[in-house]
Amino acid sequence: MKKNTFALIALGAVILIAAAGLVMHQLNGTPETGMGRNCLECHRAPNVNTNEGVVASNTFCFDCHTDKSRSMRKTETAEVSLQMVPDDLEKGPHRNVACVQCHTDVARTPHRTVAGASCDVCHPPHGEAEAHDPHRRGACQSCHGNYKTVHLDAADGRVKPARVDTEGAAIALIDHQMVDTAKAESCERCHYKANPVGAPAAVLPSKSALCIICHNAPLAIGHPVFGAALVILLIGVLLTLRFWFLGSVQGEKESLHRKIALSSESLWRTIFSRQFFTLLKIFLLDVVFQRRILQESVQRWCMHALIFSAILARFTLSIITAVSHKLVPGSSWAMALVDKNSGFTAFANDILGLMILCGILWAVLQRYILKPAHVVAEIEDNITVALVGLLVVFGFILEGARILVTQLPPEVAGYAFVGYPLSRLFAMTGLDWASVYPSLWYIHAFLGAAFVAYLPFGKLRHVFNTPLTYFIEEIAGVKRGERV
Amino acid sequence: MMEKNKTEETYQRFAVLHRLLHVVVISSFIILSITGFALAFSHQGWAKILVFLMGGADNAGGLHRFFAAFFYLGVMVHLLWLMYFKLVLNGKLTGPDSMFPQVQDFKDLYQNFRYIFGKGAPPLFNRFSYLEKIDYWAVMGGMQSMGITGLIMWHPEFFSQYLPGYFINIANDFHFHEAVLAVAYIGFVHMSAAHLVPDVFPMEKSIFTGQTSREKLMHDHPGEWQRMQAAVKQPVAGEDS
């Protein structure tokens, strides 16, 4: 009896241990098999729009992804562990975001991702203010992630964090820390000499608000030289205004306050009267369509219109781009306008630039080779023509160099019908264009700054003076030929 | 037809800057009330249509904040003008030519009620009547409180570092009820007292043209007219705050 009892207890213990072992084995099953999990552990959807749901959802992911052995993943070359440190996430800006809100395609069978983390679910793409337009071909993580090595994916031409390091060892992309992109190290991942992703060898400053005349530009100063140009522009405008108020206004000779009060009064009365429509007519016919130049000479009108209408079109396009990117940053048309490589933008920029260049060449031809009697080449004219001409020439060189160094395929770059042939031409020189690119950029940028700073001083003053003269003549009833 | 008469004497009542600021106030006030109430009554059908037309709640909010900033820019320009008026032009910020409240305003109020009930002569308003002063100070004070409560709702993270969380709810309540008050005040009091009164119906043009006729000046602001007659030998400052 005692023996039987002992044998029964022993048998019971063996069965219990075996059962426990079986359960333990099942609990260690892999997520693909789903062994050892309750159905509802996977097949449920916590509400990730609440912090509670985020914690519930993430706890389930962390169950395996904080364990090295339970998160092994085979790649083509090696086996890596997708073990991550929850603290990377908890201490960053995404602490209240569920894993599946970014990793949109992982909660499924087979448990694999194709898209990777999708930032654009929440974040609209940023514009020129944060980074120059070519960064659009980089995956967000290549700058914002904490990865040292990046590569150019030949399959889609995008810059991404590399899956193998320089020695060929596999890298698991498991770091969830966000880096401070304001720090130089973040840029120097790509911007160094002979980098493999086609970035210029130096980090370039942001575009300036002044660039809006021809390019989509942020509300920023960009570089001290642009700041200086802006100051000179403002001083020039103030000096011009001061000059205008030197004379007497409606008999008032002394008080500047009275002069401003009297002229603003007459401005107000003109704008809020029927004369406004006269001004509108003058603006359309004489300013936009340049009627008076056309009446003088068709040849001069063609030459001037090539330059003027192209700059006006670039300016309009830049304003539309900046505004639409501000209002609807993710929309396809805003993206097409911002992206210099999109067919429309590349073609428009090239044809408008070519128009300016043709106009300038025509002017040069008139001034220095044909020299008809009415053309007087003053030094101020020469500076203006040289500035605009060089600005456009360097713009095209810069575009060619950009297409070359970023290794844009011809089916994309072909719309830039000036820039792409230039890039093929540059490819033949054997120069290290990624190293030359920053210098070219600075030359173009500083020429642009000089153009803006020169606006209120040289012949370019006509941009403001001439329309104003037309308006005042019309209102004051001055007949043509009676000008002072 | 009398308006067309060129020989009629006119006096400048508002400088260009003040007309411009009034246009700023009109345009931003209208847009702020449309976007604001469309967001506040978001469950109503009309609000849904308005918000749809503005491209969604985000855009309506964006417009609301943009025009709030534009409106406040106008307030700051006005404050800069006051500084310029005081320091450069040596103008007076108090006295009968200013918006500064005076004892006379309360006397005018009393006198006006007496007049309304048929117990006396109408008060002789000076350059700005007490109603016009209330209009001015309602906007001036309202802009400060709407600005602060609006800023709290615009940057709740920043303000909740220094204030308890329920201040954001309080700011929301104040902002909404003050908006109702402001629209009601402008819609009923300002519109009827300044624009729809039989004398000037359908609207008071002097805030847009800056000019007022001698007849109107004598009728609306007899106190100012009397002062002008008394000081006819010496020039009177044309502008004011």
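Residues numbered from 1 in each chain as written. Chains lettered and ligands numbered in written order. Predicted model: local features only at pLDDT ≥ 70, side-chain atom pairs only at ≥ 80, totals over all residues.

1. Some thoughts on the overall build of chain B
Quick reminder of the rule: Here a helix means four or more residues in a row that DSSP labels H or I, a strand means two or more in a row labelled E, and each is numbered from the N terminus. Any residue whose C-beta has 12 or fewer other C-beta atoms within 10 Å is treated as exposed, any with 20 or more as buried, and any in between as partly exposed, C-beta atoms being built from the backbone. Note on contacts: each residue gets a C-beta atom placed from the backbone, and two residues are in contact if those atoms are within 7 Å.
Broken down by element type, chain B carries ten helices and two strands. The order of helices and strands in chain B, counted from the N terminus, is β-α-α-α-α-α-α-α-α-β-α-α. Each principal axis of the C-alpha distribution contributes one length, and for chain B these read about 60 × 40 × 40 Å. Within chain B, buried positions represent 15% of all 241 residues. Considering only contacts within chain B whose residues lie at least 6 apart along the sequence, 65% involve residues at least 24 apart.

2. Here we look at the overall build of chain A
So the rule is basically this: The globule rule used for comparison is 2.2 Å times the number of residues to the exponent 0.38, while the radius of gyration itself is calculated over C-alpha atoms.
Along its length, chain A carries 19 helices and four strands. For a compact globule of 484 residues, the expected C-alpha radius of gyration is about 23 Å, and chain A comes in at 33 Å, more than 25% above that figure. Based on the C-alpha atoms only, the size of chain A along its principal axes is roughly 135 × 55 × 35 Å. Counting the 484 residues in chain A, one finds 20% classified as buried. The long-range fraction of contacts in chain A, counting pairs at least 24 apart against all pairs at least 6 apart in sequence, stands at 56%.

3. Thoughts on the interface of chain B and chain A
Stated formally: Amino acids outside the nonpolar list (Ala, Val, Leu, Ile, Met, Phe, Trp, Tyr, Cys, Pro) and the charged list (Asp, Glu, Lys, Arg) are all regarded as polar, and Gly is one of them.
Every contact between the two is made by four residues of chain B and, on the other side, five residues of chain A. Residues of the side of chain B that touches chain A, tallied by class, amount to three nonpolar, no polar and one charged.

4. Observations regarding the pairing of strand E3 (residues 150-153) of chain A
Residue and element names in this part refer to chain A. The following threshold applies: Two strands pair if DSSP finds at least two bridges between them.
In this structure, E3 lies alongside strand E4 (residues 158-161), joined through four bridges in antiparallel fashion. Bridge assignment links Leu152 to a residue of E4, and that residue is Val159. Linking E3 back to E4 in an antiparallel pair, the connection comprises four residues, with Gly157 at a positive phi of about 65°.

5. A closer look at the domain arrangement of chain A
Residues and elements named next belong to chain A. Going by this rule: Domain limits in this description derive from either an automatic procedure or a database domain assignment.
For chain A, the assigned domains are domain 1 (28-119), domain 2 (129-188) and domain 3 (209-476). If you look at the interface, domain 2 gives five residues, while domain 3 gives nine residues. When grouped by side-chain class, the residues that make up the side of domain 2 that touches domain 3 number two nonpolar, one polar and two charged.

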